[in-house]
Amino acid sequence: MAKNKDKSKDFENKEVMSEETIQSERGTENHDDNLTGEADNNPGNTSSLADDAAVWQDKYIRLSAEFDNFRKRILKEKMDLISTGGEDVIKSILPVMDDMDRAEDAVEKSDDIESARTGMKLIRQKLIDVLKTKGVSEIEAMDQDMDTDLFEAVAKFPSEDKKGKIIDVLQKGYKLKDKVIRFAKVVVGE
């Protein structure tokens, strides 16, 4: 069989034969096995095709509307999560706030500084415990090697024995699970 010269190449540079080439290699005479052949001979089928088109158009419109409603519902749920997402954290911090109010009242009514100091330590520990239950942890900085993923160097100070290490913490840093939510501000020895 002689190869027909009616071949073209697609965008991937693979050979593609035209419809006429395929039919000539099969030995067929330009026969069309498509749906329009029957529809041309029978005018009653045109209404059937129109009905099918109307059904598919209706399905498309319904599916499009359903998807639009789904998108709106998801957007509304996201907005609700954003607006009430911190509610759990706030509810867990409110008892600590109550303790702070009671401590403030006690300090005003009493001259015992040691009991006030002890009360403040207890309240601080309670706040740390609440934050730990929410996945917040303090970033340990003192005497650590300088790591820009965890620390923000705000100053350098000459130090012979602690070169490249953190020698002072100006502001503590915190992580929420594995994500840094506040970098520790530190002084680095040089």
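Everything that follows concerns the structure shown earlier in this document.
Read on for an overview of the structure. The shown structure was predicted, so the numbers you read here are calculated from the model rather than taken from an experiment. (Residues numbered from 1 in each chain as written. Predicted model: local features only at pLDDT ≥ 70, side-chain atom pairs only at ≥ 80, totals over all residues. Heavy atoms only, no water.)

### Looking at the pattern of salt bridges
Enumeration over the complete set of coordinates arrives at 12 salt bridges. Between Glu87 and Lys91 there is a salt bridge, with its nearest N and O atoms 3.2 Å apart. One end of the pair, Glu87, and the other, Lys91, are both in helix H4 (residues 87–109), 4 residues apart, so they sit about a helical turn from each other. Residue Arg117 pairs with Glu114 through a salt bridge whose shortest N-O separation is 3.3 Å. Of this pair, Arg117 and Glu114 both sit in helix H5 (residues 113–133), 3 residues apart, which is roughly one turn of that helix. Assessed through its relative accessible area of 45%, Arg117 is described here as partly exposed. (Salt bridge = Lys/Arg side-chain N within 4 Å of Asp/Glu carboxyl O. Helix = DSSP H or I, 4+ residues; strand = E, 2+ residues; numbered from the N terminus. Buried < 20%, exposed > 50% of the residue type's maximum accessible area, 1.4 Å probe, protein only.)

### Observations concerning the sheet that holds strand E8 (residues 184–189)
As summarised here, the arrangement of the 3 strands in space is E4-E8-E5, forming an open sheet in which the pairing is mixed. The open sheet is flanked by strand E4 (151–157) and strand E5 (166–171), the only strands paired with a single partner. Pairwise comparison of adjacent strand axes, ignoring direction, gives a mean angle of 30° for this sheet. Two elements, E5 and E8, share 4 bridges in a ladder whose sense is antiparallel. Bridging across to E8, Ile166 finds its partner in Val188. (Pairing = 2+ DSSP bridges. Axes fitted to C-alpha atoms, helices over the stretch in contact; angles between N-to-C directions.)

### Focus: a nonpolar patch on the surface
A cluster of nonpolar side chains, namely Ile90, Leu94, Met97, Met100 and Met120, defines an oily patch on the protein surface of about 460 Å² accessible area. Looking at the nonpolar patch element by element, the count peaks at 4 residues for H4. Among the secondary structure elements, Met120 is positioned in helix H5. The partly exposed category is assigned to Met120, whose relative accessible area is 40%. (Patch = residues over 30% accessible without salt bridge, like charges linked within 9 Å, V, L, I, M, F, W, Y side chains within 5 Å. Areas by Shrake-Rupley, 256 points an atom, 1.4 Å probe, with all protein chains shown as cover.)

### Some details on the environment of Val136
By the element assignment, Val136 lies in strand E3 (residues 136–139). You can call Val136 buried: its relative accessible area is 15%. Among residues more than four places away in sequence, those in contact with Val136 are Leu131, Tyr174, Lys175 and Leu176. (Contact = heavy atoms within 4.5 Å.)

### Focus: the sheet that holds E3
A sheet is described by the order of its strands in space; here 3 strands give the open sequence E3-E6-E7, paired in antiparallel fashion. The open sheet has two edge strands, E3 and strand E7 (179–182), and neither has a second partner. Ignoring strand direction, the axes of neighbouring strands in this sheet form an average angle of 40°. Inspection of the sheet shows E3 paired to strand E6 (residues 173–176) by 4 bridges, in the antiparallel sense. Paired with Glu138 across the two strands is Tyr174, which belongs to E6.

### Focus: unusual backbone geometry
Not every positive phi belongs to a glycine, and Asp143 is a case in point at roughly 60°. Mapped onto the elements of the fold, Asp143 is located in the loop between E3 and E4. Overall, the relative accessible area of 39% leaves Asp143 in the partly exposed class. The phi dihedral of Lys177 is positive, around 60°, even though this residue is not glycine. You can see Lys177 is positioned in the loop between E6 and E7. Judged by its relative accessible area of 60%, Lys177 falls in the exposed class.

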